[in-house]
Amino acid sequence: MRLAELESVIEAILFVTGEAVSLGTIADAINMDKATTKAIINTLADKYLSEKRGMQIIEIDGAYQMCTAPECFEFIRNLYKTPQKQGLTQALLETLAIIAYKQPITKAQIEEVRGVNADHAVYKLTEKGLVQEVGRLDVPGRPILFGTTTEFLRFFGFKSTNELPPLDEGISLSDDELDGIMKDS
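None of these values were measured; they are calculated from a predicted model.

(A) Up close: the packing of aromatic side chains. Using the criterion set out here, one finds 4 aromatic pairs in the structure. Considering the side-chain rings of Phe 155 and Phe 156, the 4.9 Å spacing of their centres and the 70 degrees angle between planes classify their relative orientation as edge-to-face. Looking at Phe 155, the relative accessible area reads 42%, which means it is partly exposed. An aromatic cluster is built from Phe 152, Phe 155, Phe 156 and Phe 158, whose rings are joined through pairwise contacts.

Below, the structure written as structure tokens:
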């Protein structure tokens, strides 16, 4: 197959699935090795970006997905006249950050960090598809362990959780200092 034909097949695979497809699955489908397949996908993704197309190919945790270009979102939303998604509250963002950085983590561990009940926050994050059950802790009662999802990666534009900004472990702020920072931002 010529390069243009391979690009067309990859484009069709990503379009039809509508979800992230692993590099290995795409490579198998076009009978190519992973390195060559990745190069073709990257070339195709670069074409979409340079031509400022309405679609783009993004990498999510070692897989690829075709999605709408961010600059087209408002127009699509207008087309369907759907209300904008509810954002995440401060409590949900705090809980999500704890889960993202400390995963896998139990609800009790989240509550220990936040100092408040996490039932509602974990429920809402699970409902939004940003958090999921990833197992059970091997202790009496076998509490559920939570972790982030590929939807979390998509929502925040990360390829993997390795792209989370590093935390400054040594920094400790008082409540007054924290309030001052929050007012400034």
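(B) How the structure looks around the nonpolar core. Core analysis: the largest hydrophobic core is formed by 20 residues, its most contacted members being Leu 96, Ile 110, Leu 125 and Phe 152. At the level of secondary structure, the elements contributing two or more residues to this core comprise α5 (90-102), α7 (119-127) and α8 (150-156). Here the element with the most residues in this core is α5; it accounts for 5 residues. Residue contacts for Ile 110: discarding those within four places in its chain leaves Thr 95, Ile 98, Ile 99, Ile 105, Ala 118 and Val 122. Ile 10, Leu 23, Leu 44 and Tyr 64 belong to the second largest nonpolar core, which has 15 residues in total.

(C) Spotlight on α7. Those residues of α7 that sit buried are Ala 121, Val 122 and Leu 125. Projected down its long axis, α7 carries its buried residues within an arc of 95 degrees, all on one side. Looking at α7, the residues exposed on the side facing more than 90 degrees away from the buried face are His 120 and Tyr 123. On its buried face, α7 sits against α5, α6 (107-114), β5 (131-136) and β6 (144-148). At the C-terminal side of α7, Gly 129 shows a positive phi close to 80 degrees.

(D) Spatial organisation of unusual backbone geometry. Here the residue pair Gln 103 and Pro 104 is connected by a cis peptide bond, since its omega of -5 degrees sits within 30 degrees of zero. Secondary-structure assignment places Pro 104 in the loop between α5 and β4 (105-106). At Asp 61, a residue that is not glycine, the phi angle is positive and equals roughly 50 degrees. For Asp 61, the location among the structural elements is in the loop between β2 (55-60) and β3 (63-68).

(E) Expanded view of the pairing of β2. For β2 and β3, the ladder comprises 6 bridges, and the chain directions are antiparallel. Along β3, the bridge assignment pairs Glu 59 with Tyr 64. Hairpin connection between β2 and β3: a loop of 2 residues separates the two successive antiparallel strands, and Asp 61 in this loop has a positive phi of roughly 50 degrees.

(F) Examining the pattern of salt bridges more closely. Applying the stated criterion to the full structure yields 8 salt bridges. Of the charged contacts in the structure, one is a salt bridge between Glu 51 and Arg 53, with a shortest N-O distance of 3.1 Å. The exposure class assigned to Glu 51 is partly exposed, which follows from its relative accessible area of 46%. Relative accessible area serves as the criterion here: at 42%, Arg 53 is assigned to the partly exposed category. Here Arg 142 and Asp 138 are joined by a salt bridge, their closest N and O atoms 3.6 Å apart. Accessibility expressed as a relative area gives 40% for Arg 142, which makes it partly exposed.

(G) View of a nonpolar patch on the surface. There is a patch of nonpolar side chains on the surface, built from Ile 76, Leu 79 and Tyr 80 and spanning about 350 Å² of accessible area. Take Ile 76: it is sitting in helix α4 (residues 73-80).

Rules behind the numbers
Residues numbered from 1 in each chain as written. Predicted model: local features only at pLDDT ≥ 70, side-chain atom pairs only at ≥ 80, totals over all residues. Heavy atoms only, no water. Phe/Tyr/Trp six-rings, centres within 6.5 Å; stacked < 30°, edge-to-face > 60°. Buried < 20%, exposed > 50% of the residue type's maximum accessible area, 1.4 Å probe, protein only. Core = buried A, V, L, I, M, F, W, Y, C linked by side-chain atoms within 4.5 Å. Helix = DSSP H or I, 4+ residues; strand = E, 2+ residues; numbered from the N terminus. Contact = heavy atoms within 4.5 Å. Arc of directions from axis to C-beta. Pairing = 2+ DSSP bridges. Salt bridge = Lys/Arg side-chain N within 4 Å of Asp/Glu carboxyl O. Patch = residues over 30% accessible without salt bridge, like charges linked within 9 Å, V, L, I, M, F, W, Y side chains within 5 Å. Areas by Shrake-Rupley, 256 points an atom, 1.4 Å probe, with all protein chains shown as cover.

So, to be careful, I would describe these as geometric facts and stop short of saying anything about function.
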